[in-house]
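Remarks on the overall topology
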Amino acid sequence: SLAADANEMAQMVARLWLIADGAARELVYEMDNPRATSEEFIEFAKRRSLLTPWQASKLLKGETDGYVLGGYKLLYKIASGSFGRVYRSVEPRSGQIVAVKALRQKWSNDPHWVETFEREGKIGMSLRHPNIVEILAVSRDPKTLQYFLVMEFVEGGSLRDLLKSRGKGDIPDALRLIEECANGLAFAYSKGLTHRDIKLTNVLVSTTTKQAKLVDFGLGELTKGSQLFLERVKTADEDDN
């Protein structure tokens, strides 16, 4: 349920790791209104950029779960599908911005989908190429038991978003993007992996570098004779443990 007033809401956001305790109490002081409501506190914190609109919306609904996953603070949802959700997130200690892909809870008890999800992460961690989104970690939250991947965050959007906003691009840019996608696919294939789900939403384009990056190898298939690659991935994972 929604906190009773600004003071109680300040304590709640600190408990949820959304705002540091000292900063939350300072916000209440700055409001200079002993009768300030929880809604007013949320709006004030949002204006100060201490809460994102996504976080604020969840708080206003009285939701107390789903703000942190595996130590990463979730800022807002980037994408959502039947298999998982992707969030722009931050690692609080370093301040590093990453993308966190969480497996939907309804699949978390299905061994097939858990294996598929973990395989995507482990193989992805071994695919280091400028035209493939880098996967940094694959893990499971000790509290919620939810599986998640940590990926590099690409500032920009998908190729579908780009075409929607710009319409048709020019030929040199189109050829460059096609070449970069092909380079990523060729590299993955050299490691024994085909993507099997190439579509506009699985090609991200950086607004800073203009570079195309392939994402979501979850449906990928190991090519014939490539089991050695997967075995190397498994062996490396076992060695790390």
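Just above sits the structure.
Owing to the predicted nature of the structure, the values given are computational and were not obtained by experimental measurement. (Residues numbered from 1 in each chain as written. Predicted model: local features only at pLDDT ≥ 70, side-chain atom pairs only at ≥ 80, totals over all residues. Heavy atoms only, no water.)

Ordered by their spatial adjacency, six strands build an open sheet running S1-S2-S3-S4-S6-S5, and the pairing between neighbours is antiparallel. Strands with a single pairing partner mark the edges of an open sheet, and in this sheet they are strand S1 (68–69) and strand S5 (135–140). When strand S4 (residues 96–103) meets strand S6 (residues 147–152), the two strands line up antiparallel, connected through five bridges. Paired with alanine 99 across the strands is methionine 151, a residue of S6. Where helix H4 (residues 53–60) meets the sheet, its contacts fall on strand S2 (72–80) and strand S3 (84–91), and the angle it forms with S2 comes to roughly 100 degrees. The strands touched by helix H5 (residues 111–125) are S4, S5 and S6; relative to S5, the strand with the most contacts, the crossing angle is about 150 degrees. (Pairing = 2+ DSSP bridges. Helix = DSSP H or I, 4+ residues; strand = E, 2+ residues; numbered from the N terminus. Contact = heavy atoms within 4.5 Å. Axes fitted to C-alpha atoms, helices over the stretch in contact; angles between N-to-C directions.)

With respect to the helices, strands and loops of the structure, histidine 129 is situated in the loop between H5 and S5. Within the structure, histidine 129 has its side chain in polar contact with the backbone nitrogen of asparagine 131 (distance 3.0 Å). With residues up to four places along the chain from it excluded, the contact list for histidine 129 reads Asn183, Gly184 and Phe187. (Polar contact = N/O pair within 3.5 Å; in protein donor to acceptor, adjacent residues only side chain to side chain.)

Let us look at the sheet that holds strand S10 (residues 212–214). Here three strands make up an open sheet; going across it, the order is S7-S9-S10 and the pairing antiparallel. With partners counted over all chains shown, the strands left at the sheet margins are strand S7 (156–158) and S10, one partner each. Neighbour-to-neighbour, the strand axes of the sheet open up by a mean angle of 30 degrees, direction not taken into account. Where S7 and strand S9 (residues 203–206) come together, three bridges link them in antiparallel fashion. Residue serine 158 lies in a different strand from S9, and its bridge partner there is leucine 204. The strands touched by helix H7 (residues 171–190) are S9 and S10; relative to S10, the strand with the most contacts, the crossing angle is about 35 degrees.

On to H5. Taking 1.5 Å of rise per residue, the 15 residues of H5 would be expected to cover 21 Å, and the 21 Å separating its terminal C-alpha atoms lies within 8% of that figure. When we look at burial in H5, the residues that qualify are Val114, Thr116, Phe117, Glu120, Gly121, Ile123 and Gly124. (Expected span 1.5 Å × (residues − 1). Buried < 20%, exposed > 50% of the residue type's maximum accessible area, 1.4 Å probe, protein only.)

Alternating residues of S9 divide into Val203 and Val205 and Leu204 and Ser206, and every residue in both groups is buried. One ladder, built from three bridges, connects S9 with S10; its direction is antiparallel. What sits directly across from valine 203, in S10, is leucine 214.

The next thing to look at is the nonpolar core. Grouped together as the largest cluster of nonpolar side chains are 22 residues, with contacts concentrated most on Met9, Val13, Leu18, Ile19, Phe41, Leu51 and Leu59. Residue assignment for this core shows that the elements contributing at least two residues are helix H1 (6–15), helix H2 (21–31), helix H3 (38–47) and H4. For this core, the element with the most residues is H1, which contributes five residues. In contact with leucine 18, other than residues within four places in its own chain, are Val13, Leu50, Leu51, Gln55, Leu59, Tyr67 and Lys73. Ranked by size, the runner-up nonpolar core spans 15 residues in total, among them Val86, Ala99, Val133 and Leu149. (Core = buried A, V, L, I, M, F, W, Y, C linked by side-chain atoms within 4.5 Å.)

Functional significance is not addressed by these values, which are geometric in nature.
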